[in-house]
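Each chain, written out:
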Amino acid sequence: MTAAYDYEDMHHLVDRLTPTQVRRLRLLVTQDEELSQVAQSLPAVDANEHEESVPAGLLALIGSVNGPEDLAERHDYYIRERMRERFGDSA
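The numbers attached to residues start from 1 for each chain and follow its sequence in the written order. The predicted nature of this model means local features are confined to residues of pLDDT at least 70 and side-chain atom pairs, given and counted, to a pLDDT of 80 or more, with totals for whole chains, interfaces and linings taken over all residues. Think of the side-chain values as coming from all heavy atoms in the structure, minus any hydrogens and water.

**Details of the overall build of the protein**
Here is the rule: Elements are defined by DSSP. Helices are runs of H or I of four residues or more, strands are runs of E of two residues or more, and each kind is numbered from the N terminus. Partly exposed describes any residue whose relative accessible area lies between the buried limit of under 20% and the exposed limit of over 50%, with all areas from a 1.4 Å probe on protein chains only and scaled to the type maximum. Residue burial considers only the protein chains on display, and all accessible areas are found by Shrake-Rupley using a 1.4 Å probe.
Across its full length, the protein holds six helices and zero strands. Looking at the protein as a whole, 3% of its 91 residues qualify as buried. Within the structure as shown, the protein displays about 8600 Å² of accessible surface, and the carbon and sulfur contribution to it stands at 55%.

**Quick look at a nonpolar patch on the surface**
Here is the rule: Residues qualify for a patch when their relative accessible area is over 30% and they have no salt bridge, like charges being joined within 9 Å and the nonpolar side chains of Val, Leu, Ile, Met, Phe, Trp and Tyr within 5 Å. When a carboxyl oxygen of Asp or Glu is within 4 Å of a side-chain nitrogen of Lys or Arg, the pair counts as a salt bridge.
Residues Met 10, Leu 13, Val 14, Val 22, Leu 25 and Leu 28 make up a contiguous nonpolar surface patch of about 480 Å² in total accessible area. Considering the arrangement of structural elements, one finds Leu 25 in helix H2 (residues 19–31). Residue Leu 25 is classed as partly exposed on the basis of its relative accessible area of 31%.

**Considerations on the packing of H2 against helix H3 (residues 33–40)**
Going by this rule: With axes taken as lines fitted to C-alpha atoms, and helix axes fitted only over the stretch in contact, angles between N-to-C directions fall between 0 and 180 degrees. If an angle is under 35 degrees, it is roughly parallel; if it is over 145, roughly antiparallel; if it lies from 65 to 115, roughly perpendicular; otherwise it is oblique. Here, residues are in contact when the closest pair of their heavy atoms is within 4.5 Å. For this classification, Asp, Glu, Lys and Arg are treated as charged, while Ala, Val, Leu, Ile, Met, Phe, Trp, Tyr, Cys and Pro are nonpolar and the rest, including Gly, are polar.
At a minimum axis separation of 5 Å, H2 and H3 run at an interaxial angle of 115°. With respect to H3, the element H2 is oriented roughly perpendicular. Listed contacts from H3 to Val 29, Thr 30 and Gln 31 of H2 are Glu 33, Leu 35, Ser 36 and Ala 39. In the contact of H2 with H3, the residues fall into three nonpolar, three polar and one charged.

**Focus: the side chain of Ser 36**
If you trace the backbone, Ser 36 turns up in helix H3. Of the residues examined, Ser 36 reaches a relative accessible area of 11% and is grouped as buried.

**Some points on the confidence of the model for the protein**
Convention followed: Confidence of the predictor in every single residue is expressed as pLDDT, which spans 0 to 100.
Mean pLDDT for the protein: 76, with 69% of residues reaching 70 or above. The least confident element of the protein, judged by mean pLDDT, is helix H4 (residues 47–53) at 52; the most confident is H2 at 87.

**Focus on the pattern of salt bridges**
Within this structure, the stated rule accounts for one salt bridge. For Arg 84, the salt bridge identified is with Glu 81, shortest N-O distance 3.7 Å. In this pair, Arg 84 and Glu 81 are both assigned in helix H6 (residues 75–87), three residues apart and thus about one turn of the helix distant. Arg 84 sits in the partly exposed class, given a relative accessible area of 35%. Residue classification places Glu 81 among the partly exposed positions, given a relative accessible area of 29%.

**Some words on the packing of aromatic side chains**
We apply this condition: Note on aromatic contacts: the rings of Phe and Tyr and the six-membered ring of Trp form a pair at centre separations within 6.5 Å, being stacked when their planes are under 30 degrees apart, edge-to-face when over 60 apart, and tilted otherwise. Note on geometry: a ring has a charge over it if NZ (lysine) or CZ (arginine) is within 6 Å of the ring centre and within 35 degrees of the ring normal.
In the structure shown here, the tally under the stated rule is one aromatic pair. A ring pair is formed by Tyr 77 and Tyr 78, whose centres lie 5.5 Å apart and whose planes are at 70°; its orientation type is edge-to-face. Accessibility expressed as a relative area gives 38% for Tyr 77, which makes it partly exposed. The residue whose ring lies beneath Arg 74 is Tyr 77, and the NZ or CZ to ring-centre distance is 4.5 Å.

What follows is the structure in structure tokens.
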């Protein structure tokens, strides 16, 4: 149970990092004796190739949306609720 929680926790943490922070984390991992062995076993990725395939505006947006965990699934509900708060029940 703890290992599964730790995995999920780290997964969410990495998802919230900026590209600069991810590069710093990778540097820390490569400097650790045990973790660097795992990092070396991953396939190499050309950093320039990846950055060119992602639109610049998208990188700025990722991680900047603050909202409930189910925002994507229930966005219509949340929009209607905000409209009711703003304009009353007639909206």
